[in-house]
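These are the residues of each chain, in order.
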Amino acid sequence: MASVETAAEHERILREIESTDTNCIGPTLRSVYDGQEHGLFMEKLDARIRNHDREIEKMCNHHFQGFVDSITELLKVRGEAQKLKSQVIETNIRLQEEGKGLVCSMEELKQCRVQQMNIATTIDKLTHCLPVLEMYGRLQEQMKAKRYYPALRTLEQLEHTCLPRAGQYRFCSIMAENIPKLRTHIRDTAMTQLRDFLESIRKHSDKIGETAIRQAQLQRSLDSAVTLQPRALIGRRSRKEAAAVGTESGGHGGSPMSEQDSGILDVEDEEEEEVPGAQDLVDFSPVYRCLHIYTVLGLRGVFENYYRKQRRKQARLVLQPHSNMHETLEGYRRYFNQIVGFFVVEDHVLHTTQGLVNRAYVEELWELALSKIVAALRTHSSYCDDPDLVLDLKNLIVLFADTLQGYGFPVSQLFDMLLEIREQYGEILLKRWNITFRQILDQDNFSPIPVSTEQEYRHYTSQFPQQDPELEKLPFPKKLPFSEFVPKAYCQLKEFIYACLKYSEDLHLSSTEIDDMIRKSTNLLLTRTLSNSLHYAIKKKNVGLAELVQVIINTTHLEQSCHFLEEFITNITNVPPDMVNATKLYGTSTFKDARHAAEAEIYTSLNAKIDQFLQLADYDWMSPAQGSGNLTTSDYLVDLIAFLRSTFSVFTNLPGKVAQTACMSACKHISTSLMQLLLDPEVRQISIGALHQLNVDLNECESFARAGPVAGFQGDTLLLAFSDLRQLLDLFTQWDWSTYLADYGKPTCKYLRVNPHTALALLEKLFKPMKETSRKNVVLAQFKKADRDRQKLIDAVIKQLRSLIAQHHT
């Protein structure tokens, strides 16, 4: 069984060797050597080889005769082949001889074809190279002429169109290598020109702004002349035109206006009606050129960021005011011109380029500028104390605001700030008018104005609305009741109103707002400034009664003129005074207060003068009793009465009851002062003779009162000022104690005005010398019954007076 399987395995291996490539029989042979029947396999292999050899031999024997026949036929053909070879050689020699001419002709034709092809190739290459050379030559000319934007376009066409067509030539390689250098040179040159342009407009923004403000000023004058004419900036092209100019070359924000250097163009002096615009003063071509160049180079964003960054830096420089700007109007004007110049340029760039600056960027710059402008003006205007400079500054700010508003910038904050400055302007005006009123008062002679001719009279009545028919009827020469202060002060009031009106102009305020501003400012002038000035004049040390009387007359006439001031304000503001919210002038109350202060000062001065006379009083309080016929009025009182008569004669022109009040006050003061002399604690003893002397002086005072030094008193009203002293002296001189004590407290009492305290104090001063005398003469007094009775009576009166005082306290 094992031998059969071995034989089958060997048969398989042999078949595999016969059918397998010799390169792959290694594994097969290895399997043979791995087995145990190697010798048996070798025997089978030899048997198989011998079998194949026998098959090969059989096949060779079968085909041998055919092979011999083929060799025989081949030997026969060899001779014919030799003949054919000879014939072919002869034919070839003959053909070669005959084809030499043709070969020469063909060679010549070949050379011609090659030359023709070379010529065509050369023409083709030259056709591609000549435009390159021509364009490069044009590029060099443009670079030489500094026409960089066309040069950049030419460079782009040369790089992307002409050079690729020209092929690989050395000069093309050189050109290709130079292209980045040329592009960089163009970019750097354009940036240099832009920097020059930025520096130039920074230096000349003052001139640009001045021109723009002149445009606005001219436009405003034209608008006021022709109110129906639509507003348009003179000398400034329309935005549509400017944008069209800016987009002429490819729609990238404007083409170069010229290829010249940047800077401010020289503009000859023109007539005022032809003010050049910003584009007429400034050559914006460097901006457009640089914008186009950077756009072509793919660096538009870089250029926009650089331009905006540089302009922001310039804005900060422009918005920084000089430290001494507030000293002169020229400093403010230069500051505003620079700001207007800056924003006029930005506005022009905004409308002539597409995206170099946008509205948001310009508005951001304007917001920054507005905050800094307002802060700077608040700071610097606070240093100003000249109303004319503040008014000029206000006009300049209005013109500045109108100019920028014409370019579309919001300026409401500027007008709000002008209202703030108006408060400061009002305070400065009040200070100036305070000085003016003080000067007028210092220069006034406080005397009625004498007029000798009709011309002089009309001169004063034109300054002050004096309406007095009786005065007009009087012949010349005559006197106006008021002094020079009145017409001068009235004129100054109108000048103040005009000054307030000037500031309110062009602030875009309604007539009602202007009227309200003027009235409030005028009220401040009346209640603060003029009132203080009048009180200053009243309270001066050396002011006399005549001057105070004239002050009262002056304030009376000024008070009467207040409704004329109301009409004056109404006429210049066209706002009727009877409106609901209309502010009323406080002039009437101001002049009333001043008049009352002058009246009080008259009363005070008059009393002070009376005190000076009373200081001269030298009563002998211990004088012996004399007959009333031997006593005369005291000298000081005679002088006092004469002074009062002359003084009250001046009071005849005083309005109202000032003269009566002054006269009554003087008489009361005399009576009170005499009473105080009588009751002075330093006067310890008084004799009955002293009371008689005081009674004589009181009679003189009563005679003065009865004579009516001032008209207007009814009956003996003025005598009431002396009634307290009169009743007291009558009580002592008549020794009518029984009546006083019996009727005390009754309305019909004869001595109703005698106070028990006063009576007791005076009685004690009279009783004291009598008591001391009685002590010295005790013995003699015992024999004088009359003195003993009088002493008892005095003691009884004193006791009853003290009882009355005690009852009064309870």
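All figures in this text were calculated on a predicted structure; none of them were measured in a lab.

**As for the nonpolar core**
Part 1: Of all hydrophobic cores here, the largest spans 210 residues; its most connected members are Ile 373, Leu 644, Phe 648, Leu 678 and Leu 801.
Part 2: At 14 residues, the largest contribution of residues to this core is made by helix α5 (residues 170-225).
Part 3: Residue contacts for Leu 801: discarding those within four places in its chain leaves Trp 737, Tyr 740, Leu 741, Pro 756, Ala 759, Leu 760 and Leu 763.

**Let's talk about the packing of aromatic side chains**
Part 1: A complete count under the given rule lists 26 aromatic pairs for this structure.
Part 2: Taken together, a centroid distance of 5.3 Å and an interplanar angle of 45 degrees make the contact between Trp 366 and Phe 409 tilted. With Trp 366 in helix α11 (residues 359-381) and Phe 409 in the loop between α12 (387-406) and α13 (412-443), this residue pair connects regions lying 43 residues apart in the sequence. The pair Trp 366 / Phe 409 is uniform in exposure class, with both members buried.
Part 3: Ring centres 6.5 Å apart and planes at 75 degrees place the aromatic pair Phe 732 and Trp 735 in the edge-to-face group.
Part 4: Sitting over the face of the ring of Tyr 361, Arg 308 holds its NZ or CZ atom 5.2 Å from the ring centroid.

**A few points about unusual backbone geometry**
Part 1: Here Phe 476 and Pro 477 are connected by a cis peptide whose omega angle stands at -5 degrees.
Part 2: Among the secondary structure elements, Pro 477 is positioned in the loop between α15 (469-473) and β4 (478-480).
Part 3: Unlike most non-glycine residues, Asp 506 shows phi in positive territory, near 65 degrees.
Part 4: Judged by relative accessible area, which is 38%, Asp 506 ranks as partly exposed.
Part 5: One non-glycine residue, His 508, lies in the positive phi region at around 60 degrees.
Part 6: Tracing the backbone shows His 508 in the loop between α16 (485-504) and α17 (511-539).
Part 7: Judged by its relative accessible area of 56%, His 508 falls in the exposed class.

**Quick look at the packing of helix α9 (residues 300-318) against α11**
Part 1: Running from N to C, α9 and α11 point in directions that differ by 20 degrees, and their axes come no closer than 11 Å. Judged on the interaxial angle alone, α11 and α9 are roughly parallel. In terms of crossing hand, the pair formed by α9 and α11 is right-handed. Between α9 and α11, the residues in contact are Arg 308, Arg 311, Arg 312 and Ala 315 and Tyr 361, Glu 364 and Leu 365, respectively.
Part 2: For the contact of α9 with α11, the residue count by class is three nonpolar, no polar and four charged.

**Structural notes on the environment of Cys 500**
Part 1: If you trace the backbone, Cys 500 turns up in helix α16.
Part 2: Once you skip the residues sitting within four places of it in the chain, Cys 500 turns out to touch Leu 429, Ile 518 and Ser 521.

**Brief notes about the environment of Leu 126**
Part 1: By the element assignment, Leu 126 lies in helix α3 (residues 38-144).
Part 2: The spatial distance from the C-alpha of Leu 126 to the C-alpha of Ala 166 is 8.1 Å, given a sequence separation of 40 residues.

**Section: the pattern of salt bridges**
Part 1: Counted according to the given criterion, the structure contains 28 salt bridges.
Part 2: Residues Glu 364 and Arg 312 are paired through a salt bridge, measuring 3.5 Å at the closest nitrogen-oxygen approach. Taken together, the residues Glu 364 in helix α11 and Arg 312 in helix α9 connect sequence positions 52 residues apart.
Part 3: Here Glu 559 makes a salt bridge to Arg 595, at a shortest N to O gap of 2.5 Å. In this pair, Glu 559 sits in helix α18 (residues 545-560) while Arg 595 sits in helix α20 (residues 587-614), placing the two residues 36 residues apart along the sequence.
Part 4: Given a relative accessible area of 16%, Glu 559 falls into the buried group.
Part 5: Take Arg 595: its relative accessible area is 11%, and that puts it in the buried class.

**Digging into the side chain of Arg 595**
Part 1: At 2.5 Å, the side chain of Arg 595 and the side chain of Glu 559 are in polar contact.
Part 2: Once residues lying within four places of it in the same chain are set aside, the contact partners of Arg 595 are Ile 552, Thr 555, Thr 556 and Glu 559.

**Concerning a positive patch on the surface**
Part 1: Positive charge collects at one region of the surface, where Lys 309, Lys 313, Arg 316 and Lys 372 lie side by side.
Part 2: With three residues, the single largest contributor to the positive patch is α9.

**Examining α3**
Part 1: Taking 1.5 Å as the rise per residue, α3 with 107 residues should run 159 Å; its terminal C-alpha atoms sit only 102 Å apart, a clear shortfall.
Part 2: The largest bend in α3 comes to about 40 degrees, at Gly 99.
Part 3: Within the sequence span of α3, burial applies to Phe 41, Arg 48, Gly 99, Cys 129, Val 132, Met 135, Tyr 136, Leu 139, Gln 142 and Met 143.
Part 4: Where α3 terminates, the next one or two residues include Lys 146, which has phi positive at roughly 60 degrees.

**A closer look at the packing of α3 against helix α4 (residues 148-166)**
Two quantities define a packed helix pair, namely the angle between the helix axes and the distance between the axes.
Part 1: α4 packs onto α3 with a crossing angle of 165 degrees between their chain directions and a minimal axis gap of 9 Å. It follows that α3 is roughly antiparallel to α4 by the angle criterion. Between α3 and α4 the crossing geometry is left-handed. Residue-level contacts link His 128, Cys 129, Val 132, Met 135, Tyr 136, Arg 138, Leu 139, Gln 142 and Met 143 of α3 to Tyr 148, Pro 150, Ala 151, Thr 154, Leu 155, Gln 157, Leu 158, Cys 162, Leu 163, Arg 165 and Ala 166 of α4.
Part 2: When grouped by side-chain class, the residues that make up the contact of α3 with α4 number 14 nonpolar, four polar and two charged.

Conventions we followed
Residues numbered from 1 in each chain as written. Predicted model: local features only at pLDDT ≥ 70, side-chain atom pairs only at ≥ 80, totals over all residues. Heavy atoms only, no water. Core = buried A, V, L, I, M, F, W, Y, C linked by side-chain atoms within 4.5 Å. Buried < 20%, exposed > 50% of the residue type's maximum accessible area, 1.4 Å probe, protein only. Helix = DSSP H or I, 4+ residues; strand = E, 2+ residues; numbered from the N terminus. Contact = heavy atoms within 4.5 Å. Phe/Tyr/Trp six-rings, centres within 6.5 Å; stacked < 30°, edge-to-face > 60°. Lys NZ or Arg CZ within 6 Å of the ring centre and 35° of its normal. Axes fitted to C-alpha atoms, helices over the stretch in contact; angles between N-to-C directions. Parallel < 35°, antiparallel > 145°, perpendicular 65-115°, else oblique. Left-handed = near helix turned anticlockwise from the far one by under 90°. Nonpolar A, V, L, I, M, F, W, Y, C, P; charged D, E, K, R; others polar. Salt bridge = Lys/Arg side-chain N within 4 Å of Asp/Glu carboxyl O. Polar contact = N/O pair within 3.5 Å; in protein donor to acceptor, adjacent residues only side chain to side chain. Patch = residues over 30% accessible without salt bridge, like charges linked within 9 Å, V, L, I, M, F, W, Y side chains within 5 Å. Areas by Shrake-Rupley, 256 points an atom, 1.4 Å probe, with all protein chains shown as cover. Lys, Arg positive; Asp, Glu negative; His and termini not counted. Charge placed at Lys NZ, Arg CZ, Asp CG, Glu CD. Expected span 1.5 Å × (residues − 1). Bend = angle between axes of the 7 residues up to and from the residue.

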